[in-house]
Amino acid sequence: MSINVKQTGLYATIQDEGRTEGMPQGIPISGAMDFNLYRFANHVLGNKENSACIEFYQQGLKLEFDSPTFICIAVLDGEILLNDEQIESNSIIKIKSGDQILIKQLIEGNWGYIAVKDGFQSGAFLGSQSFYKALTQHQLKKSDKIIYVSYEGVSGADCPILNLEYYKTSVLDVFKGPEFQKLSQTLQYQLNNAEFSLSTSQNRMAYEIQERLDNELEEITTGPVLPGTVQYTPEGKMIALMRDAQVTGGYPRILQFSEKAINLLSQKRAKSKFKFNLIEINLEKI
Amino acid sequence: MSHKFRIFQINERSILVEFDEEINENLLNHLLYLKNKLLTDKHELILQVINSYNSLLIIYKHTINNFYEAKKDLLEQIYDSKIVNILDSPIKKIPVCYDHDYGWDLELLSEDLSLSVDEIIKNHSEAVYTVYFIGFLPGFPYLGGLDSSLFHRRKSQPRRQIPSGSVGIADQQTGIYSLDSPGGWQIIGRSPIQLFDSENPTRYCYLQAGDKIQFEPITKDEFEDIQSQFNYNKW
């Protein structure tokens, strides 16, 4: 039993919670860009928390199902068609053989998740099905078939409601990065008070911030980085590393987004404005 | 351990231990010892430990509720660590073809460093290198031990595509591109061996932190021979 990819859309991959090993071998963690929405999609269907979903970017993904099941398409807001008729997102949808789903467009947010009852099956590497070039397939291609186990039971539980309030903030929690203290008082103040916006450069590896701040810091000895690390380049550009981030980097790490803030940031579109909310988590001592 | 260091919480589940010291093998030895110790003694708490030249990133399985407790634990582990030389592994030979077809920047380096191409090859292949850590790409080794005559800064504009196996120089480091990738290192040769193979689940990464390697110059014919053997039986 499988779905057939009729149109790939802008960028679609299989994602789960990502890898819990492999970083010492240079392998990124990967996993869903927005964990909150990904988990919701699985939760609706009563799936295991780490069941693999299809993650898609903004628009154009079209899939055909060859056998019955239930799915949930989780998005912040979007136009989604089942056999040319608009359907509700964030709910349980019954699928028959031959049904076609089209993600026409997302109205809010960047990433959406299609969960199927009991998860999609695909090749795993180090315990995760998350796509990453060099480990697995890079992204979904036209005519790809993705396997799932057909399900003809009842949908089971009542459908929970997606809490959209979660996303209604433009204030993102950050912690001080390892090199934050090296910034001047003025820069620290600016980071904590100024408004910033996202550039159009957005992908699973990194989101760039539009505004530049005059950089006074030298590059660092290459050190570990994580999803959510904000790097500060010699040109004064700030780069927020996302789920497919490399495991090490040589730019100063000035801020670190909280887990929740990574989810929120992932859904913010190019040109969206936001502020950093600096939270004390770390205490240091030399 | 007598090095100065700081213990810094990065996010909900990670702590950075960073040593205030220059890159050197003693420090690497300490870091790798500590990394293995943490992974053995604290495996019920810790998911992954990543080392770089002068730091360890420790990712915990769960949110760190009490930083002081976690820090106290780490301090005990650090002060309790012994000096054991774990960097005495046998030297792995990595064949490299320094032909101009693969060593795209040999001429440039020859000019900038006032060395002949043969001297560059000699200085690069005589040294024994230490793998400090794997980063940048899956399987990409950061190697220490480059002869100072070969220090050269990166390209100001990175190339769009550098083929897997390419051997490069960036500042005081040399390294091998484990996969095709964009990159800014100065390219002086190419190795036919595959450093990263996702189809080999037990040994997908040829090198690991602490390994010793040496480059072995080979001809273009030998390069092609090894490459075809490699494709045939995966080395």
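Residues numbered from 1 in each chain as written. Chains lettered and ligands numbered in written order. Predicted model: local features only at pLDDT ≥ 70, side-chain atom pairs only at ≥ 80, totals over all residues. Heavy atoms only, no water.

### Focus: the overall build of chain B
Here's step 1: A tally of regular secondary structure across chain B gives five helices and 13 strands.
Here's step 2: A compact globule built from 235 residues should have a C-alpha radius of gyration of about 18 Å, and chain B, at 20 Å, falls within 12% of that.
Here's step 3: For chain B, the spread of C-alpha atoms along the principal axes amounts to about 60 × 40 × 35 Å.
Here's step 4: When the 235 residues of chain B are sorted by exposure, 57% land in the buried category.
Here's step 5: Charge separation in chain B, taken as the distance between the mean sites of 23 positive and 33 negative side-chain charges, equals 7 Å. (Helix = DSSP H or I, 4+ residues; strand = E, 2+ residues; numbered from the N terminus. Rg over C-alpha atoms; globule rule 2.2 N^0.38 Å. Buried < 20%, exposed > 50% of the residue type's maximum accessible area, 1.4 Å probe, protein only. Lys, Arg positive; Asp, Glu negative; His and termini not counted. Charge placed at Lys NZ, Arg CZ, Asp CG, Glu CD.)

### Observations concerning the overall build of chain A
Here's step 1: Within chain A, the regular secondary structure consists of three helices and 20 strands.
Here's step 2: Taken over the C-alpha trace, chain A has a radius of gyration of 20 Å; the compact-globule value for 286 residues is 19 Å, and the two agree within 12%.
Here's step 3: Projected onto its principal axes, the C-alpha coordinates of chain A cover approximately 60 × 35 × 30 Å.
Here's step 4: Out of the 286 residues belonging to chain A, those deemed buried represent 57%.
Here's step 5: Taking contacts inside chain A between residues at least 6 apart in sequence as the whole, the part at least 24 apart equals 76%.
Here's step 6: For chain A, the computed accessible surface area is about 11,900 Å², with 46% contributed by carbon and sulfur atoms.
Here's step 7: Side chains of chain A carry 28 positive and 34 negative charges; the gap between the two charge centres is 2 Å. (Contact = heavy atoms within 4.5 Å. Areas by Shrake-Rupley, 256 points an atom, 1.4 Å probe, with all protein chains shown as cover.)

### A short note on the UniProt feature "domain: Carboxyltransferase" (unreviewed entry) in chain B
Here's step 1: Residues annotated by UniProt as "domain: Carboxyltransferase" (unreviewed entry) correspond here to residues 5–204 of chain B.
Here's step 2: End C-alpha atoms of residues 5–204 of chain B are separated by 33 Å, and the span's content is 24% helix alongside 32% strand. (UniProt positions renumbered as here; feature names shortened; annotations may be inferred.)

### Some remarks on the sheet that holds strand 2 (residues 14–19) of chain B
Strand pairing in a sheet takes place through backbone hydrogen bonds and is either antiparallel or parallel in direction.
Residues and elements named next belong to chain B.
Here's step 1: Read from one edge to the other, the open sheet built from four strands follows the order 1-2-4-3, with strand pairing classed as antiparallel. A strand with exactly one partner marks an edge of an open sheet, and here the two such strands are strand 1 (5–11) and strand 3 (46–51). Each adjacent strand pair in this sheet contributes to an overall mean axis angle of 20°, direction not counted.
Here's step 2: Sheet topology note: the strand 1/strand 2 ladder contains six bridges and is antiparallel. What sits directly across from Arg 6, in strand 2, is Glu 18.
Here's step 3: Of the strands in this sheet, strand 2, strand 3 and strand 4 (55–60) touch helix 1 (residues 25–41), which is tilted by about 175° from strand 3. (Pairing = 2+ DSSP bridges. Axes fitted to C-alpha atoms, helices over the stretch in contact; angles between N-to-C directions.)

### Some words on a negative patch on the surface
All names here are of chain B.
Here's step 1: On the surface, Glu 216, Asp 221, Glu 222, Glu 224 and Asp 225 cluster together into a negatively charged patch.
Here's step 2: Per-element tally for the negative patch: the top contributor is helix 5 (residues 220–233), with four residues.
Here's step 3: Position of Asp 221 among the secondary structure elements: in helix 5.
Here's step 4: For Asp 221, a relative accessible area of 58% corresponds to the exposed category. (Patch = residues over 30% accessible without salt bridge, like charges linked within 9 Å, V, L, I, M, F, W, Y side chains within 5 Å. Salt bridge = Lys/Arg side-chain N within 4 Å of Asp/Glu carboxyl O.)

### Comments concerning the packing of aromatic side chains
All names here are of chain B.
Here's step 1: What the rule picks out here adds up to 29 aromatic pairs over all chains.
Here's step 2: Arranged with centres 5.9 Å apart and planes meeting at 70°, the rings of Phe 196 and Tyr 204 form a pair that is edge-to-face.
Here's step 3: Among the aromatic residues, ring-to-ring pairing joins Tyr 53, Tyr 132, Phe 133, Phe 136, Phe 140, Tyr 142, Tyr 177 and Trp 185 into one connected group.
Here's step 4: Stacked on the ring of Phe 8, the Lys or Arg Arg 6 has its end atom at 5.0 Å from the ring centre.
Here's step 5: Residue placement shows Lys 92 over the ring face of Tyr 206; its charged tip is 4.8 Å from the ring centre. (Phe/Tyr/Trp six-rings, centres within 6.5 Å; stacked < 30°, edge-to-face > 60°. Lys NZ or Arg CZ within 6 Å of the ring centre and 35° of its normal.)

### With respect to the domain arrangement of chain B
All names here are of chain B.
Here's step 1: The domain architecture assigned to chain B consists of domain 1 (5–79) and domain 2 (91–233).
Here's step 2: Each of domain 1 and domain 2 was reduced to a C-alpha centroid, and the two centroids are 30 Å apart.
Here's step 3: Counting residues at the interface gives nine residues for domain 1, matched by nine residues for domain 2.
Here's step 4: When domain 1 packs against domain 2, close to 730 Å² is buried across both sides, 62% of that on carbon and sulfur atoms.
Here's step 5: Among the residues of domain 1 in contact with domain 2, Glu 25, Leu 28 and Tyr 53 are the three that bury the most area, contributing 65% of the side total.
Here's step 6: Scanning the region where domain 1 abuts domain 2 turns up one salt bridge. (Domains from an automatic or database assignment. Buried area = accessible area lost by both parts, 1.4 Å probe.)

### Examining the environment of Ile 10 of chain B
Here's step 1: Secondary-structure assignment places Ile 10 of chain B in strand 1.
Here's step 2: The buried category is assigned to Ile 10 of chain B, whose relative accessible area is 6%.
Here's step 3: Distance from Ile 10 of chain B to Asn 123 of chain B, taken between C-alpha atoms, is 40 Å for residues 113 residues apart in sequence.
Here's step 4: Contact partners of Ile 10 of chain B, with chain neighbours within four places excluded, come to Phe 175, Pro 178, Leu 226 and Gln 256 of chain A together with Ile 15, Leu 16 and Leu 57 of chain B.

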